[in-house]
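Here is how the chains run, residue by residue.
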Amino acid sequence: RDWSSDVCSSDLGVRVVHVPFHGDFDSHEGHLERHAALMTELDDALAAFRADLAARGIADRVLIATTSEFGRRAPDNASNGLDHGAGSFALFAGPVAAGLFGAYPDLSRLDANDNLAATVSMADYYATIAESWFGVPASDVLAGSPTVLDGIV
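Residues numbered from 1 in each chain as written. Predicted model: local features only at pLDDT ≥ 70, side-chain atom pairs only at ≥ 80, totals over all residues. Heavy atoms only, no water.

**Q** Quick one: what's the story with the pattern of salt bridges, residue by residue and with numbers?
**A** Any two side chains of opposite charge can pair if their charged atoms end up close together. Considering all chains together, one arrives at three salt bridges under this definition. Linking Asp26 and Arg72 is a salt bridge whose minimum nitrogen-to-oxygen distance equals 3.6 Å. In this pair, Asp26 is assigned in the segment before helix H1 (31-56) and Arg72 in strand S2 (residues 71-72), connecting sequence segments 46 residues apart. Residue Arg72 is classed as buried on the basis of its relative accessible area, which comes to 12%. (Salt bridge = Lys/Arg side-chain N within 4 Å of Asp/Glu carboxyl O. Helix = DSSP H or I, 4+ residues; strand = E, 2+ residues; numbered from the N terminus. Buried < 20%, exposed > 50% of the residue type's maximum accessible area, 1.4 Å probe, protein only.)

Below you can see the structure in the form of structure tokens.
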């Protein structure tokens, strides 16, 4: 498809686009090499997308938010891989403040299953998108009392 055509105008009023990133993330074996290749592919795709947004003059109007449905445990398994774990990551790109929000994972404070302790909850991540980007109170769309991560968006 020719994404530069008038049919794909940047003025269609679209508020959310979900783009799955398919790859073999099941890196129980050879994690380092596989993960590096996947992150290079993701980085290249995001760079191309951000360049297209800039060329269209709308980079300041698009928030890119990434998530993963699971993380990896900290220690290697017997196959130079990492087994499923609770620690994950999330990324904002676009008109946001650069930097780390939360804290670096503490490898000396793993849980009983060798999982990293989350330093920012996914509820707080989603609350930040709801309130800071869409202007919707987080309590209208999320259960509990998530905290907005101030200063990002």
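**Q** Pulling in residues and values, what's your account of the nonpolar core?
**A** Note that soluble globular proteins tend to have their nonpolar side chains buried in a common cluster. With seven residues, the main nonpolar core is built from Leu42, Leu46, Leu53, Ile58, Val62, Ile64 and Ala93. By residue number, the principal contributor to this core is H1, which donates three residues. Leave out the neighbours within four places in its chain, and Ile64 touches Leu46, Phe49, Arg50, Leu91, Phe92 and Ala93. (Core = buried A, V, L, I, M, F, W, Y, C linked by side-chain atoms within 4.5 Å. Contact = heavy atoms within 4.5 Å.)

**Q** Kindly report on the environment of Phe92, identifying the contributing residues and their values.
**A** In this fold, Phe92 is placed in strand S4 (residues 91-93). As a C-alpha pair, Phe92 and Ala112 span 20 residues in sequence and 30 Å in three-dimensional space. Sequence-distant contacts of Phe92, defined by excluding residues within four places in its chain, comprise Leu63, Ile64, Ala65, Tyr125, Thr128, Ile129 and Ile152.

**Q** Outline the packing of aromatic side chains, listing residues and values.
**A** Under the definition given, this model contains three aromatic pairs. Where Phe21 meets Phe25, the ring centres are 5.8 Å apart and the plane angle is 65°; that geometry is what we call edge-to-face. Note on Phe21: relative accessible area 28%, which makes it partly exposed. We classify Phe25 as partly exposed; its relative accessible area is 28%. Ring plane angle 15° and centroid distance 4.5 Å describe the contact between Phe92 and Tyr125, whose orientation is recorded as stacked. Of this pair, Phe92 sits in strand S4 while Tyr125 is found in helix H2 (residues 122-133), placing the two residues 33 residues apart along the sequence. Residue Phe92 is classed as buried on the basis of its relative accessible area of 14%. Connected via pairs of aromatic rings, a cluster forms that spans Phe92, Tyr125 and Tyr126. (Phe/Tyr/Trp six-rings, centres within 6.5 Å; stacked < 30°, edge-to-face > 60°.)

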